[in-house]
Amino acid sequence: MYIQNFEAFLIAITILTLTPGLDTALVIRNTSRAGMADGCITSLGICIGLFVHATFSAIGISAILTQSAELFQVMKMIGAAYLIWLGLSSLRTLMKSPSGIDIVTLQHTQLNPRRSLREGFLSNVLNPKTAVFYLAFLPQFINPEYSPLLQSLLMAAIHFVIAMLWQCGLAGTLSSAKNLLKNSAFMRWMEGTTGVVLVGLGFKLMTDDIE
């Protein structure tokens, strides 16, 4: 079993993980609430949710593969087009109104691991953008000759490790992260980089499918 275009997958998932978004904001907020442990446990809940999205994505992929290989290729083309759309959306946001994440500063309270884990997990699992992204993103790297479920879970595991390292790193350097995420130049760079990578990746995957 192997992941097709593994290098492209690794680069894309890393850059997308580093891009500030809802998960990052939640980790920073909860770190402000009860320290680094709160942020790391919240990150753990978020990352566990990735396996839920990967499982549902694999079920959809498996159902399509049982119908026809041609339908699977159509799905991959739609997914590649979706990645291009995401990239163009990032570039459009960059040109319109680049701004930092609205981070709420809260009083330091007692750590409640169960609450932190639940908040992170539900935030990720109930986020429709994550579900749609996984459904569009993972098929690009699935080898139809092997189990879609095992491959999807493997990609989710890689995403899990990258996201945990990044988000726990943010939790450990909260004051620096706050200033960084409020820096408009940094936000412009992240939006621009993400947009270019997604558009380029989408076109590359689409071209590979045509060939």
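Just above, that's the structure.
Computed from a predicted structure; not experimentally measured.

### Re the overall build of the protein
Next up, step 1: A count of helical and extended segments in the protein gives nine helices and zero strands.
Next up, step 2: Listed by position from the N terminus, the elements making up the protein come as α-α-α-α-α-α-α-α-α.
Next up, step 3: Looking at the protein residue by residue over its 211 residues, the buried ones come to 47%.
Next up, step 4: Long-range contacts, defined here as pairs at least 24 residues apart, represent 89% of the contacts in the protein between residues at least 6 apart.
Next up, step 5: Accessible surface, the protein: about 10500 Å² in total, of which carbon and sulfur atoms supply 67%.

### Quick notes on the side chain of Thr42
Next up, step 1: Counting through the fold element by element, Thr42 comes out in helix α3 (residues 36-67).
Next up, step 2: At a separation of 2.7 Å, a polar atom in the side chain of Thr42 contacts the main-chain carbonyl oxygen of Asp38.
Next up, step 3: In this view, Thr42 contacts Leu26, Val27, Asn30, Ser116 and Gly120; residues no more than four positions away in its chain are not counted.

Thresholds applied
Position labels on residues start from 1 in each chain and follow its written sequence. Side-chain atom pairs in this predicted model are given and counted only at pLDDT of 80 or more, local residue features only at pLDDT of at least 70, and totals for whole chains, interfaces and linings cover all residues. Excluded from the side-chain calculation are hydrogens and water; included are all heavy atoms of the structure. Elements are defined by DSSP. Helices are runs of H or I of four residues or more, strands are runs of E of two residues or more, and each kind is numbered from the N terminus. For the exposure calls, accessible area comes from a 1.4 Å probe over protein chains only, and a residue counts as buried if that area is under 20% of its type's maximum, exposed if over 50%, partly exposed in between. Two residues form a contact once any of their heavy atoms are found within 4.5 Å. Here the open area of atoms and residues is found with the Shrake-Rupley method and a 1.4 Å probe, where only the protein chains shown may cover a residue. Pairs of N or O atoms within 3.5 Å make up the polar contacts considered here, provided that, within protein, one atom can donate a hydrogen while the other can accept it, and that residues adjacent in sequence are counted only when both atoms are side-chain atoms.

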